[in-house]
Amino acid sequence: MATAAKDDKEEIEQLRGTLRGDLIQPDDPRFDDARAIYNAMIDKHPRLIARCANVADVITAVTFGRDHDLDTAIRSGGHNGAGLGTVDDGLVIDLSEMTGIRVNPEAKTVHVESGCTWGDVDHATHAFGLATVSGVVSTTGVGGLSLGGGHGYLTRKYGLTIDNLLSADVVLADGRLVHASEDENPDLFWALRGGGGNFGVVTSFEFRLYPVETVIAGPMFWPIDDLEETMRWYREWLPEQPEDVYAAYVTAEVPGDPFPEELHGEKVCGLVWCCLESEAETEAALQSARDAAEPIFEHVGTMPYPALQSLFDDLLPPGDQWYWKGDFVRDLTDEAIAEHQCFAEVPTRQSGMHLYPIDGAVNRVDRDETAWSRRDVNWSMVIFGVDGDPANRDLITEWAHDYWEAVHPHTAGGAYVNFMMEEGRDRIRATYGDNYERLQEVKAKYDPENFFHVNQNIEPAS
């Protein structure tokens, strides 16, 4: 799109006067902070950043962006690895000031505005002994994670985040505010559950909650040389476990404190646990892992659920260089495991590979019930190169890309859209599979001009 509003100072000032929130431009001393996103590898310079205070601001900003033919990005938490919450020389609709939360403990539901992080939600719901399915880092934004599907520590038991979405309020490209649920605009509601930000600006979500207060959780590490043996054990063991047992397989380098000094810098593989069972039942699961290979570190215990959600926040702060690639995995073949062993020694302290379980409750939903179609796989894999030093950008990018190239032939095709960089139409089609054409039809109905295209884009049916 063009940027017809670039030199129209009068109309920009009118926009500023209409917004209850802030309008930030490049000459504003706050501009560099306002345009910064989680992934410092992405360095874009918007023309306008509209920090919306309420739904009326969102409607105003969408209308301005559409009427002035501006490339428009929607930013919630800013965690998107590909940097699709920002844009060069266009408009960013920043929702980060919209952080209202309302818990209904009797109905076990929560209404969440789109500027919230999952840490905000955990804080609000934990007071009532409740939680919903989210990710694994509390600083992640609610909007991006939810619209991409959402998986985390509670997924085997309670499904994806979208499986617990009850309704959403959405500002469409034509400026209308609509409600989407099973009963209202059900086609839009279907598409929102996994289709990303293609259909409008979601200003609030309503989620189902579950009684989750404390969990038995934490990391367990083996020496990296044990990867092949433990991953073969893991592929057979996890699918047989009750859905109350969640264990993500990880590779990492042991950072500094609070880990023991003798392990600092060690390359490891291991599990990150989250168990909802009793201590006795959890101990049996832990012992199975100990029997597979002798751990060199174990710190698993009872903790409040929000403590688990924020456990790794300090290891992954905003402002680092990020490059990641994902894939869905149905089976961990011997050939795939051999490739994992080849790349197991991560290049930097924050880099790694994670296999997140998405079986159990996820697999019991039909593939056409939501836009997320991959209900037949067992893991969502992400390979991520991360480092704070821009000088290591090529190092982490090449390692992650080469690793992904090696294991990709052994995967199920497609990927969790929140684990994708800008990878092209074929990858997006593979991700949605048989649901892709239906998504195009919904796109054509609600955004026929593809105004919302700064995303993992689904083009409208022609």
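This text goes with the structure placed above it.
For the structure given in this document, a descriptive report is provided here. Given the structure is predicted, the values throughout are model-derived calculations rather than measurements. (Residues numbered from 1 in each chain as written. Predicted model: local features only at pLDDT ≥ 70, side-chain atom pairs only at ≥ 80, totals over all residues. Heavy atoms only, no water.)

### Section: the overall build of the chain
Secondary structure summary: the chain contains 14 helices and 17 strands in total. Taking 2.2 N^0.38 as the reference for a compact globule, 462 residues should give roughly 23 Å; the C-alpha atoms of the chain span a radius of gyration of 22 Å, in line with that estimate. Each of the three principal axes of the chain carries a C-alpha extent, and together these read 70 × 50 × 40 Å. Split into buried and exposed, the 462 residues of the chain put 60% on the buried side. For the chain, long-range pairs separated by at least 24 residues make up 73% of all intrachain contacts whose partners lie at least 6 apart in sequence. With the model as given, the accessible surface of the chain reaches about 17800 Å², and the carbon-plus-sulfur share is 46%. Looking at the chain, you have 36 positive and 81 negative side-chain charges, and the mean spots of the two groups are 6 Å apart. (Helix = DSSP H or I, 4+ residues; strand = E, 2+ residues; numbered from the N terminus. Rg over C-alpha atoms; globule rule 2.2 N^0.38 Å. Buried < 20%, exposed > 50% of the residue type's maximum accessible area, 1.4 Å probe, protein only. Contact = heavy atoms within 4.5 Å. Areas by Shrake-Rupley, 256 points an atom, 1.4 Å probe, with all protein chains shown as cover. Lys, Arg positive; Asp, Glu negative; His and termini not counted. Charge placed at Lys NZ, Arg CZ, Asp CG, Glu CD.)

### Let's talk about the packing of helix H1 (residues 9–18) against helix H3 (residues 55–67)
Following both chains from N to C, one finds H1 and H3 inclined at 165 degrees, their axes separated by 10 Å at the closest point. Relative to H3, H1 is oriented roughly antiparallel. Where H1 crosses over H3, the handedness of that crossing is right-handed. From H1, Glu11, Ile12, Leu15 and Thr18 reach across to H3, where they touch Asp57, Thr60 and Phe64. When the residues that make up the contact of H1 with H3 are grouped by side-chain class, the tally is three nonpolar, two polar and two charged. (Axes fitted to C-alpha atoms, helices over the stretch in contact; angles between N-to-C directions. Parallel < 35°, antiparallel > 145°, perpendicular 65-115°, else oblique. Left-handed = near helix turned anticlockwise from the far one by under 90°. Nonpolar A, V, L, I, M, F, W, Y, C, P; charged D, E, K, R; others polar.)

### A closer look at the sheet that holds strand E5 (residues 101–104)
The five strands are arranged E5-E6-E9-E7-E8 in an open sheet whose pairing can be described as antiparallel. The strands lining the two open edges of the sheet, one partner per strand, are E5 and strand E8 (177–181). With direction set aside, neighbouring strand axes in the sheet form an average angle of 15 degrees. Taken strand by strand, helix H4 (residues 118–126) contacts E5, strand E6 (109–113) and strand E9 (201–208), and its axis lies near 35 degrees from that of E5. (Pairing = 2+ DSSP bridges.)

### Some remarks on helix H12 (residues 393–407)
With 15 residues, H12 ought to run about 21 Å at 1.5 Å a step, and its terminal C-alpha atoms sit 22 Å apart, in line with that. Every buried residue of H12 is accounted for by Ile396, Thr397, Trp399, Ala400, Tyr403, Trp404, Ala406 and Val407. In the core, the buried residues of H12 are packed alongside strand E15 (321–329), helix H11 (334–342), strand E16 (352–357), strand E17 (379–387) and helix H13 (425–432). (Expected span 1.5 Å × (residues − 1).)

### Regarding the pattern of salt bridges
Considering all chains together, one arrives at 27 salt bridges under this definition. Put simply, Glu236 and Arg235 hold a salt bridge, and the shortest N to O gap is 3.2 Å. Within the structure, one salt-bridge network assembled from shared partners comprises Lys325, Asp327, Glu423 and Arg427. (Salt bridge = Lys/Arg side-chain N within 4 Å of Asp/Glu carboxyl O.)

### Things to note about the side chain of Ser167
Structurally, Ser167 is set in strand E7 (residues 165–171). Overall, Ser167 belongs to the buried group, its relative accessible area being 4%. For Ser167, the side chain forms a polar contact with the side chain of Glu206, separated by 2.7 Å. Excluding residues within four positions of it along the chain, Ser167 makes contact with His179, Ala180, Ser181, Phe189, Ser204, Phe205 and Glu206. (Polar contact = N/O pair within 3.5 Å; in protein donor to acceptor, adjacent residues only side chain to side chain.)

### Observations regarding the packing of H13 against helix H14 (residues 436–446)
Running from N to C, H13 and H14 point in directions that differ by 105 degrees, and their axes come no closer than 8 Å. In terms of orientation, H13 lies roughly perpendicular with respect to H14. Within the contact between the two elements, H13 uses Arg425, Ile428, Arg429 and Tyr432 and H14 uses Tyr436, Leu439 and Gln440. Residue classes in the contact of H13 with H14 are distributed as four nonpolar, one polar and two charged.

### Points about the sheet that holds strand E1 (residues 22–24)
One open sheet accounts for four strands, arranged E1-E2-E4-E3; its pairing is mixed. Bordering the open sheet on either side are E1 and strand E3 (72–75), each of which pairs with just one other strand. Neighbour-to-neighbour, the strand axes of this sheet turn through a mean angle of 20 degrees, independent of strand direction. The sheet contact formed by E1 and strand E2 (residues 48–51) spans three bridges and is antiparallel. Looking at the pairing, Ile24 lines up with Ile49 of E2. Sheet strands touched by H3: E2, E3 and strand E4 (91–94). Its angle to E4, the strand with the most contacts, is close to 165 degrees.

### A look at the side chain of Gln25
As for its placement among the helices and strands, Gln25 is situated in the loop between E1 and helix H2 (31–35). A polar contact is formed between the side chain of Gln25 and the side chain of Arg16, at a distance of 2.5 Å. Ignoring any residue separated from it by four or fewer positions in sequence, one finds Gln25 in contact with Ile12, Glu13, Arg16, Phe31, Arg47 and Leu48.

### Some thoughts on unusual backbone geometry
Unlike most non-glycine residues, Asp69 shows phi in positive territory, near 55 degrees. Of note, Asp69 is situated in the loop between H3 and E3. In the Ramachandran plot, Asn450 falls in the positive-phi region, its phi being about 55 degrees despite a non-glycine side chain. Among the structural elements, Asn450 can be located in the segment after H14. According to the relative accessible area criterion, Asn450 is buried, its value standing at 14%.

### Points about helix H8 (residues 227–237)
Those residues of H8 lying buried are Leu227, Thr230, Met231, Trp233, Tyr234 and Trp237. Burial along H8 is one-sided: seen end-on, the buried residues are contained in an arc of 160 degrees. (Arc of directions from axis to C-beta.)

### Overview of the pairing of E7
In summary, the side chains of a regular strand alternate between the two faces of the sheet. Of all seven residues in E7, five are buried, a share of seventy percent or more. Pairing geometry for E7 and E9, over six bridges, is antiparallel. The residue bridging Ser167 from the neighbouring strand is Glu206, located in E9. Relative to E8, E7 runs antiparallel, the two being bridged by five bridges. Each residue of the ladder has a partner; that of Ser167, found in E8, is Ser181.

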